[in-house]
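Letter by letter, the chains look like this.
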Amino acid sequence: FLLHSIYSLYSEIVKYIYVLNINYNLRKSESQKESEIVKNYCYGKNINLISRNIDFMPEGKSIQAYARKIRLEEASKIKNEFDIDYIFTGHHIGDYIETEFYKIFMGNGLLSLTNFNFSNNFFIRPLLNIYKKDITDYLDKNSIPYGVDSSNLENKYKRNIIRNKIFPVISEYFPYFFKNSFTSFRNISSTSYILIKNFIKHNDWCAVKNNTLIIKDDFYKLSSEDKQTIIYIFFNLYLKDVRFSRG
């Protein structure tokens with residue numbers, strides 16, 4: 001849907017559009033079918049396609065986390081190689097609400113609720129307020145082929161449990177759950193950003209001058225977690241083109 005929308009709006013600059021398709025080979029023929037859908041669409045529209053095949057997934061690690069790591073690494077490589085300004089992803093409102101609740105259930109702090117936005121540095125998520133049903137309805141109505149990830153129906157992943165078990169129950173009693181949650185999380189995100197920005201500018205542990213983080217003596221008396229948080233906030237606010245995590 002995202003690719004079709006971008007092409008429909010900007011077909012005159014198609015030579016500047018690059019599509020990254022990664023086949024993790026986790027769902028065998030289903031994964032191959034999805035790759036073929038992307039390939040056929042790109043070739044039919046003369047869109048640049050870059051394909052990656054991943055044949056190894058490490059044992060003992062989260063498959064979803066590892067797959068995400070690969071996506072970010074490959075996208076960053078392509079951005080640098082072809083001098084790309086922005087990377088668009090197809091996350092919709094369901095992905096957004098699921099991610100924010102997952103963070104809450106995992107005990108993440110306020111800071112984590114500020115980093116999944118319509119744009120983060122060079123990552124753009126234009127569909128973040130669009131419902132999945134509206135997307136599939138459009139694709140069906142216009143006979144545009146798309147793949148369905150059957151692994152999303154398996155409740156062996158925590159995110160899938162949120163999506164398949166928790167959300168349906170909540171939505172049954174609160175019909176506007178997704179819409180209201182989206183509004184609440186956006187408000188939390190914008191308010192948190194202001195508070196965090198003021199926090200790093202006015203404290204006893206560090207200072208910012210000419211986009212440089214100046215560490216004060218009291219900084220070294222803080223816990224490791226507090227030190228990481230301050231450094232994380234600094235990078236998030238002042239080094240916009242750097243992709244990083246708190247790890």
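As a reminder, the structure under discussion sits directly above these lines.
Residues numbered from 1 in each chain as written. Predicted model: local features only at pLDDT ≥ 70, side-chain atom pairs only at ≥ 80, totals over all residues. Heavy atoms only, no water.

A.B. asks: Where do I start with the overall build of the chain in this structure?
C.D. replies: In terms of regular secondary structure, the chain is built from 8 helices and 7 strands. Taking all 247 residues of the chain together, 34% fall into the buried category. Within the chain, counting contacts between residues at least 6 apart in sequence, those at least 24 apart form 64% of the total. (Helix = DSSP H or I, 4+ residues; strand = E, 2+ residues; numbered from the N terminus. Buried < 20%, exposed > 50% of the residue type's maximum accessible area, 1.4 Å probe, protein only. Contact = heavy atoms within 4.5 Å.)

A.B. asks: Any chance you could explain the side chain of His4 here in plain terms?
C.D. replies: You can see His4 is positioned in helix α1 (residues 2-10). Here His4 falls in the buried class, since its relative accessible area comes to 17%. Of note is the side chain of His4, whose polar atom sits 3.4 Å from the side chain of Tyr138. Once you skip the residues sitting within four places of it in the chain, His4 turns out to touch Tyr41, Tyr138 and Ile144. (Polar contact = N/O pair within 3.5 Å; in protein donor to acceptor, adjacent residues only side chain to side chain.)

A.B. asks: What is the right way to look at the sheet that holds strand β4 (residues 119-120) in this model?
C.D. replies: To summarise the sheet geometry, strands pair through backbone hydrogen bonds and adopt either a parallel or an antiparallel arrangement. Reading across from one edge, β3-β5-β4 is the order of the 3 strands in this open sheet, with mixed pairing throughout. In the strand order of this sheet, the two ends are held by β3 (87-88) and β4, each with one partner. Examined bridge by bridge, β3 and strand β5 (residues 123-124) share 2 bridges and lie parallel to one another. Following the sheet pairing, Ile87 is matched in β5 by Phe123. (Pairing = 2+ DSSP bridges.)

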